[in-house]
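# Per-entry structural report
One letter stands for each residue in the lines below.
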Amino acid sequence: MRKEQISDKEAMFVLIIYYIGSSFILGVGGEAKNDAWISVILGVVMAVPVILIYARLLSLFPEKDLFDILDWAFGKWIGKLFALVYIWYSFHLGALVIRNFGEFTNTIAIPETPMIVPMLCIGIICTVAVTSGIEVIGRISAAVLPILIIIVSTVSLMAIPKMYFHFLKPILGNGFLPIIKGGFSVFSFPFAESVLLMGVFSSLKTNKSPYRVYLLGTVIAGLLILMITFRNITVLGSTYSKFYFPAHIAVSMVSLGDFLQRIELAVAVDFVFGVFIKTSICLLVTCKGIAKLLRLNDYRSIVIQVALLMVYFSYTLYDSIMEMAGWAFKVYAYYAFPFQVIFPIILFVTVEIKVRRGKKKLQTGVGTDG
Amino acid sequence: MKKFLLLTIFLFINVMILAGCWNYKEIEKLTIVAGVAIDKGENNPFRVTVEIVQISGGKETKATSKLLTMEGKTIFDAVRNAISLTGKKLYWSHTKLVIISKDIAENGILRVIDWYNRDAETRSDVYLLISKEKTAREILEGKGVTDEIKSFEIADTLKNEKSLSKAPTTELWKFINDLESPGISNVVPTVNISTSENISTPQVMGLAIFKKATLIGFLNGRESKSVLFVKDELKGGLILDGVQVNNSQPVSLEIFKSKTKMEPIVKANHNIEFNVNINTTVSLEEIPTSMNLTDEIKLKKLTSRTEEVIKKRVGDCIKKVQSKYGVDIFGFGENLRENNPRIWNQIGNNWDDKFKELKVNVKVKVKIKGSGIFSQSIKMGD
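Because the structure is a prediction, the values reported are computed rather than measured.

Rules and cut-offs
Residues numbered from 1 in each chain as written. Chains lettered and ligands numbered in written order. Predicted model: local features only at pLDDT ≥ 70, side-chain atom pairs only at ≥ 80, totals over all residues. Pairing = 2+ DSSP bridges. Helix = DSSP H or I, 4+ residues; strand = E, 2+ residues; numbered from the N terminus. Contact = placed C-beta atoms within 7 Å. Axes fitted to C-alpha atoms, helices over the stretch in contact; angles between N-to-C directions. Domains from an automatic or database assignment. Nonpolar A, V, L, I, M, F, W, Y, C, P; charged D, E, K, R; others polar.

### Digging into the sheet that holds strand 11 (residues 252-266) of chain B
All names here are of chain B. One open sheet holds the four strands; their spatial order is 10-11-12-13, and the pairing between them is mixed. The open sheet terminates on both sides in strands that have one partner only, identified here as strand 10 (238-239) and strand 13 (359-370). Here strand 12 (residues 272-286) pairs with strand 13 via 11 bridges, running parallel. When the sheet's bridge partners are listed, S283 is paired in strand 13 with G370. Strand contacts of helix 9 (residues 296-325): strand 10, strand 11, strand 12 and strand 13, with the helix running at about 145° to strand 13, the strand carrying the most contacts.

In structure tokens:
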């Protein structure tokens, strides 16, 4: 089989869209109310050390993905157990993202259409993308991200007449605790979710580039999310955190003269792209993991099945949008913590010890295995 | 060939399943709502009147308005009952305003606006108005002057209010936003019917004061201007009564720019005072008597008189609200919370009680920048 490779630029674009995908529309850091923008900065800062760990792991093992590294570090059985854990996480995350999309279309645009319809549509597109491979996803990202950024910045610029900057005050009015809480939730959603990209970035060209890709991608996405959060707060004020989809509401307030208004659909398009890329990555990682676990020749043979399972799973995930919001803002950060921080740290420590003990073992281990 | 066939079939199926979705709506099948008026019903808690835009084709497309009334136990109930009258669902995306009657507002309007703010079909950037007439429906029954559709006309009035400044503009989302802030009470413009030449037209003038979500009083157009002065929402309008030259008719001064700065002063024992500094640039637009405009002393006199008038009026307005209504519609508390959260956390609860005793120092600075396109007042030849 031909080795798939993506350039650094494409990888970074994938990462950025992966970050901004669902956080653009769901809004982040709602706990901190009008200080959510500080939470975003805090979240990025908190994410940097974890992201350095991911990058270090990737750069130690060029051309190896998360599951190979787990296998190498923990041996056959425990490695498989960890692999199973990450397969579950990416599968679940993909389902969550699809569900967000389903709820969004269902609440905002087409309340009478069964939710499974838009969800299935996204599932089908993702199946096509994943079957085509990471190269195709990378190239789509490279083509789409500039458009996304242009749309988002134009819309934000147009929102300036509707902004009330005094909504930002009082800064730190509720003390530090809500901001730290908000920062933690920004950390776990979306920034530390990039742990899953370790399953994809085996396709990077050099072993120096994971650092560059991860750090630069995180900073750019952080700035974009900061901009959006800032806009949402200044347009919506303290009710910002009460909307399910604050970005959509904020943009719906924008009108330039009498002719340019109701542009919220432009934002909805962004969201669809974001969900598409994010779900594709989750699906890809899940399939790759299952393929490694079961020693399949190629992950492509199971994409359709996993995608369908994912869609059905997401359909049965919650009863209502209230449940979704409760999960996303109260439970998720704690649920995801082990996958995002604890397990990677265990892996990192194990790998570092093994590497320090004998460099030779690493080379042979990496060279022959997989 | 086989591939081509497969692709064709696939595309064809796509056309079948993706072209129309469940919620497909034709424009002729929609009843476009321009404005809503909400009253107490006779048999039900609510009576909702909607103004519907009817578009008739032909050589010239014309939009005419029609009223539709329905009752219900809740707002949404009433709105859905419209189907039994029109056979079509109401379409809310073009709605400009919500008018609420006095007696509904006096019992709290949260139960009225919640549906409107929550539902996905409605938009929360509509204007909110309180009817000063007996019912809100009467407003929509009036006749428009420039626009056939009254709701659109009232919306235009509110949009152009910035060069009249006798009523605030309150959008629904802002109302709810301020409802949630502890340091500010809401004001909503009032609308009444004015009859001229046997045509009754809606007139937007003055404001209604809310304590939380309950209506407790009204201020007239002149007092509304003072409120706008303090809230720094004044963008235009005139200053006249009282500014008189030689005890004759008043001079009309048009406001070009106005900036108000509110600053809290924290004294010992957490005593708070507020300084309100108003900076206004005006222009002489109407001088009924002869007056030498290049005479610096006279101009200075006029300036200081204007300053005094504004100061007195704003001060009176603040005192009236403090003593009569006791709710902070100016946003002093909000200003304190934003700029000095530490003090606010200590004294912020029961703000309205503290507001009643609040000392406010008003300082006004007026700058006359011009006198229209005419350099002198008109002098009659002897």
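### Looking at unusual backbone geometry
Residue and element names in this part refer to chain A. Look at the link from K169 to P170: it is a cis peptide, with omega at -5°. Within the fold, P170 resides in the loop between helix 5 (134-158) and helix 6 (176-188). The peptide bond linking F189 to P190 adopts the cis configuration, its omega dihedral lying at 15°. One non-glycine residue, K33, lies in the positive phi region at around 55°. Tracing the sequence through the fold places K33 in the loop between helix 1 (8-26) and helix 2 (36-60). Phi at E63 takes a positive value of approximately 65°, unusual for a residue other than glycine.

### Here's the deal with the domain arrangement of chain B
Residues and elements named next belong to chain B. With domains assigned, chain B is organised as domain 1 (21-219) and domain 2 (222-382). Here the C-alpha centre of domain 2 lies 32 Å away from the C-alpha centre of domain 1. Taken residue by residue, the interface counts 20 residues in domain 1 and 22 residues in domain 2. At the level of secondary structure, the elements contributing two or more residues to the side of domain 1 that touches domain 2 comprise strand 8 (199-211) and strand 9 (214-219). Per element, the largest residue contribution to the side of domain 1 that touches domain 2 is four residues, and it comes from strand 8. Looking at the side of domain 1 that touches domain 2, its residues break down into 10 nonpolar, seven polar and three charged.

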